[in-house]
Amino acid sequence: MIWNPSEGINIGFFTIRFYSLMFVIAFGLGWYIMKHIFIREKESLEKLDTLFIWTVIATLLGARLGHVFFYDWEYYRNNLLEILLPFRFNPQFEFTGFQGLASHGAAAAIIIFMYYYSKKVIKRPLLWVLDRVVIPVACGAIFVRIGNFFNSEIVGKITNSPFGVRFIRDYYSPKEVVNFTKISNVNDAYHALVNDPKYAALLEKVPAKHPAQLYEAFAYVFVFFILFFLYWKTKTAEKHGLLFGYFLILLWSVRFVVEYVKESQGGIEETFGLLSTGQWLSIPFILVGIYYLFVAEKPVE
């Protein structure tokens, strides 16, 4: 399969990027799910608005800082302004958007914010909040990985598997494809490379790789439905921390396993070796999840 999607939906004066659209869907569904949870728990929907706004901020800020410190600190320590600005200043100024987002950083930031939210806004135990918010988080993770697939990023290793995908935009950078085709419009240049026979030799060089993003997204569907079932159809949520524990074990175990077919993204694995950065960062979350399986208990009325 040759994968060469456009950047998004062009509506004339503006392009809706597929990656951004997946984030919108993730947050929108998250709000919808939490709305029904709040109704079931007889909580004010005004408190949900606060939860939604700050979760969005925590997710994006935490994911950005996670990428900076876990995966690319060698670059960003010399380009501090680029951490929170969507621009690159070296070797020349260009708009890049926020290209690096790490799910481990997002998870840590959400947990930190939930502590504040539980104490100052909803006035419920932290684990009560976490047990419920992990349900929409698991749902959102599905669409974030689909967004990564549209962006041709976080790709897998080269494979001969029938599931292999040839990520054109991962193999050739925009600058390279424009130089090769002499077509100034990047999307047109990529389209020509795929469809014009005179570029067949260039196309042939693109290897098939595991669509690791889709593997992860597919597995997260099951994580979401398991958590959803446990909350709505069982009494699991009565034990504070139990749903949160299941979430940590299930989601980060998926991440740990899928990392085996992902290309290296650098980061701390260069120091520790043996496992990938994503696997090293997943282990603490899994261990915390196992801890909560043993200590979770129903609070005394």
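Residues numbered from 1 in each chain as written. Predicted model: local features only at pLDDT ≥ 70, side-chain atom pairs only at ≥ 80, totals over all residues. Heavy atoms only, no water.

Enquirer: Any details on the overall build of the protein? Residues and values, ideally.
Expert: In terms of regular secondary structure, the protein is built from 13 helices and six strands. Its C-alpha radius of gyration of 21 Å places the protein within 12% of the 19 Å reference for a compact globule of 301 residues. When its C-alpha atoms are laid out on the principal axes, the protein stretches across 75 × 40 × 40 Å. The proportion of buried residues among the 301 residues of the protein is 47%. (Helix = DSSP H or I, 4+ residues; strand = E, 2+ residues; numbered from the N terminus. Rg over C-alpha atoms; globule rule 2.2 N^0.38 Å. Buried < 20%, exposed > 50% of the residue type's maximum accessible area, 1.4 Å probe, protein only.)

Enquirer: Give a description of unusual backbone geometry that names residues and reports values.
Expert: Of note in the backbone geometry, lysine 123 takes a positive phi value of approximately 55° without being a glycine. In this structure, serine 152 takes a positive phi of about 55° despite not being glycine. Checked against the element boundaries, serine 152 lands in the loop between helix 5 (126–150) and strand 6 (166–167).

Enquirer: Could you give an account of the pattern of salt bridges, with specific residues and numbers?
Expert: The final tally for this structure, using the stated rule, is nine salt bridges. For lysine 262, the salt bridge is made with glutamate 259, and the minimal N-O distance between the two is 3.2 Å. Given the relative accessible area of 2%, lysine 262 is considered buried. Since its relative accessible area comes to 6%, glutamate 259 is described here as buried. Connected via shared salt-bridge partners are Arg145, Glu216, Arg255, Glu259 and Lys262. (Salt bridge = Lys/Arg side-chain N within 4 Å of Asp/Glu carboxyl O.)

Bear in mind that shape data such as this cannot, by itself, settle questions of function.
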